[in-house]
Amino acid sequence: MALEQQLRVPGPTPLPERVVRSQSRPMINHRGPEFAALMADVCGGIQEVLRTRNDVLLFPSSGTGGLEAAVANLLSPGEKALFCSVGSFGDRWADIATAYGVDVVRLKMPEGEAIDPEDVERLLAENPSIEKVFVTHNETSTGVTNDMPPIAAVVKGRGKLIAVDSVSGASCLPLDTDGLGLDVVVTGSQKGWMAPPGLAMIAVSKDAYAAAERAKLPRWYFDFAREKKFQERNQTYTTPPISVMYAVQEGLRMILEEGVENVWARHTLVGSMVRGGVEAAGLRLFAAKPYRSNTVTPIHNPAGTPEELSKLLTLLRTKHGLVLAGGQGDLKGKIFRIGHLGAIDVGDVFAILAYLELALSELGLLSRVGLMVPAAQAIAREGVASAEPVGVH
Ligand SMILES: *Cc1c(COP(=O)(O)O)cnc(C)c1O
């Protein structure tokens, strides 16, 4: 039995010691000056990481609440809108809109593949009434990172609004919110931000506020306009998760001390190491090149049956203390996933690969051991310059 558990699912992610300690501070009045300072610091830090001057609205919620907020604020009943899905989180966003009575046009890619900007272009040309497009930046269920610049260029080129789910991408993967003209970017505290679950963070452009004013879907808890008014005074409408905000503040300090671009480069390196390591042992990656995510790696079930895969994940957890994720939805039993976002470095990848190799060989699923770590070491030795380039690769 391992002394400590290593949590390597794609959210929630491990908390650095500094972040854990930051949360043990006493409660403060959320209508007082200490909270106003905390709020200003947190929102300013998120803006810096997301490369935006847009407001960052904070709602006490998981990431899904942020997706629902975007739907409820931007759309009207019966309005036609384009939802680009490359997996279960993309489907979830479209399902939320369907539940709200939106006329959803779904661009659905086969699992493991990325959105082709030409498909977006074609659908917008075929459906001139569509004014808003919803895209997943990094699809956690399939390990696909969509190439946002050309997709955003198509949408913004036609003068439409673009909303992006970057819950598991933001802070780890390059995302130039203002440079790309992204109108809504949704993210969540428990993924790349190195904080616990509980806070949805949503960057909202002026055009998105204007659309929200015209949009007719019912909304209450997630009302952008009301939240904006409160946040102008550095308050939130409801009681915020203050301890989670302490954690986000400390996580942001760590990100900004390291440098945002260095954080992106670190994820490129660890992503390359994970992929290089598992492929060296003959395991097969699920996502198609060149859109493989640098925050999560899904791997085809190396064990054959779903029961054998479940045995592998259980052995890793109980004997080696390594917690990996299975597949979501249709992919359950077919893949398993390694989360490598937030607090992760080169040494952590060695540990993940070494335990994975050990467990695979213990179950008789590897004919040769000792291949994974050296392959990852070779990538680490060359450094980020030799790793696949930052962004889509
Ligand atoms: C985690 C995640 C979400 C939100 O999930 P919650 O469990 O509601 O926090 C949404 N989209 C993506 C891509 C995610 O990875």
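It should be emphasised that the depicted structure is a prediction, and the values quoted were computed from it without experimental measurement.

### Quick look at the packing of aromatic side chains
Applying the stated rule across the entire model yields seven aromatic pairs. Over the ring of Phe89 we find Lys191; its NZ or CZ atom is 5.4 Å from the centre of that ring.

### Regarding the environment of Pro240
Secondary-structure assignment places Pro240 in the loop between α9 (224-232) and α10 (242-258). Residue Pro240 is classed as buried on the basis of its relative accessible area, which comes to 7%. Considered as a pair, Pro240 and His300 are 60 residues apart in the sequence and their alpha carbons are 40 Å apart.

### Some points on the domain arrangement of the chain
Under the domain assignment, the chain is made up of domain 1 (6-11 + 259-382) and domain 2 (17-257). Computed over C-alpha atoms only, the centres of domain 1 and domain 2 are separated by 28 Å. Regarding the contact of domain 1 and domain 2, the summed buried area is about 2200 Å², with carbon and sulfur atoms giving 61% of it. Applying the counting criterion to the domain 1 and domain 2 interface returns one salt bridge. Between Glu261 and Arg51 there is a salt bridge, with its nearest N and O atoms 3.3 Å apart. Across the domain 1-domain 2 interface, the total number found is eleven residue pairs in polar contact (both at pLDDT 80 or more).

### Some remarks on helix α8 (residues 206-214)
Of all the residues in α8, the buried ones are Ala208, Tyr209, Ala211 and Ala212. Looking down the long axis of α8, one finds its buried residues gathered within 160 degrees of arc, a one-sided arrangement. The exposed residues of α8 that point more than 90 degrees off its buried face are Lys206, Glu213 and Arg214.

### Examining the site of the ligand
As a matter of local geometry, the ligand sits amid Ser62, Gly63, Thr64, Phe89, Arg92, Asn138, Thr140, Asp165, Val167, Ser168, Gln190 and Lys191. Within the side chain of Gln190, one N or O atom sits 2.7 Å away from an oxygen atom of the ligand. Separating an oxygen atom of the ligand from a side-chain N or O atom of Lys191 is a distance of 2.7 Å. Notes on the ligand: free accessible area 380 Å², of which the protein chains cover 89%. Of all elements in the fold, only α3 (63-74) and α4 (88-99) reach the threshold of two or more residues within the shell around the ligand. Across the shell around the ligand, the residue classes tally to two nonpolar, seven polar and three charged.

Each value, and the rule that gives it
Residues numbered from 1 in each chain as written. Predicted model: local features only at pLDDT ≥ 70, side-chain atom pairs only at ≥ 80, totals over all residues. Heavy atoms only, no water. Phe/Tyr/Trp six-rings, centres within 6.5 Å; stacked < 30°, edge-to-face > 60°. Lys NZ or Arg CZ within 6 Å of the ring centre and 35° of its normal. Helix = DSSP H or I, 4+ residues; strand = E, 2+ residues; numbered from the N terminus. Buried < 20%, exposed > 50% of the residue type's maximum accessible area, 1.4 Å probe, protein only. Domains from an automatic or database assignment. Buried area = accessible area lost by both parts, 1.4 Å probe. Salt bridge = Lys/Arg side-chain N within 4 Å of Asp/Glu carboxyl O. Polar contact = N/O pair within 3.5 Å; in protein donor to acceptor, adjacent residues only side chain to side chain. Arc of directions from axis to C-beta. Near = heavy atom within 4 Å. Areas by Shrake-Rupley, 256 points an atom, 1.4 Å probe, with all protein chains shown as cover. Nonpolar A, V, L, I, M, F, W, Y, C, P; charged D, E, K, R; others polar.

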